[in-house]
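Structural features, examined
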Amino acid sequence: MQTNSRRQLVAGNWKMNGDKALVEQMQKQLAGASLKNMDVVICPPFPYLGLFDSRVKLGSQNISEFDSGAHTGEISIAMLHEFNCEYVIVGHSERRADNNESDELVAKKVEQVLKANLTPILCVGEPENVREDGTFFDYIAAQLDAVLSKVGINQFSKIVLAYEPIWAIGTGKTASPAQAQEVHAFIRGCLVKQDDNIAANIVILYGGSVKGNNAQELFSQADVDGGLIGGASLNPEDFLSICQAANQ
Ligand code: PGA
């Protein structure tokens, strides 16, 4: 494997949670922290994006595949630009399930984000039955392939990946560090076949019940470059301790 310049990244996905008070508390907590060796991104619900000051890097939880027009309830990439969003979560398992987002739609959204020079955080991960029947590598490879065949390997130099086993999301059942590492190495291996430099440098986050007390062990795995954090990103102290684990 080539040498790499990967920096750890921790992204907080608030989902449909939080309020104005949490925006204040989170900004205060992050402003007082010294996190020089990693990057932090907050992905709040859309109405709160405009309330953060410029010291906090922002991400969106979703994006429309269209540029503009008659798409009630959707948000365009140009709008995210105006609110200084740098990242967009694409293909989160909750959107794949709740909104029937197919691999093809996810690939289109990734393309939309890249076109606007923002960074997609592309989520992949298997449900519990697929983990149990042992076909999870194929499942994840197919999710990756849908995007690879749409945008091409070169664009992966501008993508962040997140491995999020669905059975570990919001369940308190974290993948063990060894389970996470196994899949992260597999994902990197899928990309090595196409471009070893891009594979070596792509940031791959782990998501699924990351907490202050398990972050360090997960993040110290060779192919785990930080985390996508749901529940624990709603508590500024817990979130900071996860960021500190990535800062080491
Ligand atoms: P969780 O969510 O940390 O609450 O498990 C992770 C995610 O859905 O990104």
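Let us look at the structure shown here. Counting starts from 1 at the beginning of each chain's written sequence and moves along it residue by residue. Totals for whole chains, interfaces and linings use every residue, but because this is a predicted model, local features are given only for residues with pLDDT of at least 70 and side-chain atom pairs only at 80 or more, for both listing and counting. To get the side-chain values, all heavy atoms of the structure are used, and hydrogens and water are removed first.

Quick notes on the pattern of salt bridges
Basic side-chain nitrogens of Lys or Arg form a salt bridge, by our definition, when they fall within 4 Å of a carboxyl oxygen of Asp or Glu. Applying the stated criterion to the full structure yields 14 salt bridges. Put simply, Lys15 and Glu94 hold a salt bridge, and the shortest N to O gap is 2.8 Å. Residue Lys15 is found in the loop between β1 (8-13) and α1 (20-31), and its partner Glu94 is found in helix α3 (residues 93-98); the two are separated by 79 residues along the sequence. In this structure, Lys150 engages Glu111 in a salt bridge whose closest nitrogen and oxygen atoms are separated by 3.8 Å. Here Glu111 lies in helix α4 (residues 103-115) and Lys150 lies in helix α6 (residues 136-151), a separation of 39 residues in the sequence. Here's how the labels work: a residue is buried when its accessible area is under 20% of the maximum for its type, exposed when over 50%, partly exposed in between, all with a 1.4 Å probe on protein chains only. The partly exposed category is assigned to Lys150, whose relative accessible area is 38%. You can call Glu111 partly exposed: its relative accessible area is 34%. By sharing partners, the salt bridges in this structure join Arg6, Arg188, Asp223 and Asp225 into a single network. Strands are runs of DSSP state E lasting at least 2 residues, helices are runs of H or I lasting at least 4, and numbering of each runs from the N terminus.

Here's the deal with unusual backbone geometry
If you check the backbone angles, Lys15 has positive phi at about 55° while not being a glycine. In this model, Ser209 sits at a positive phi of 55°, which is unusual for a non-glycine residue. Note on placement: Ser209 falls in the loop between β7 (204-207) and α9 (215-219).

Here's the deal with α1
By definition here, a helix of n residues has an expected span of 1.5 Å times n minus one. An ideal rise of 1.5 Å per residue puts 16 Å on 12 residues; α1 measures up with 17 Å between its terminal C-alpha atoms. The elements touched by buried residues of α1 are β2 (38-43) and α10 (236-247). What makes two residues a contact is simply this: any of their non-hydrogen atoms within 4.5 Å.

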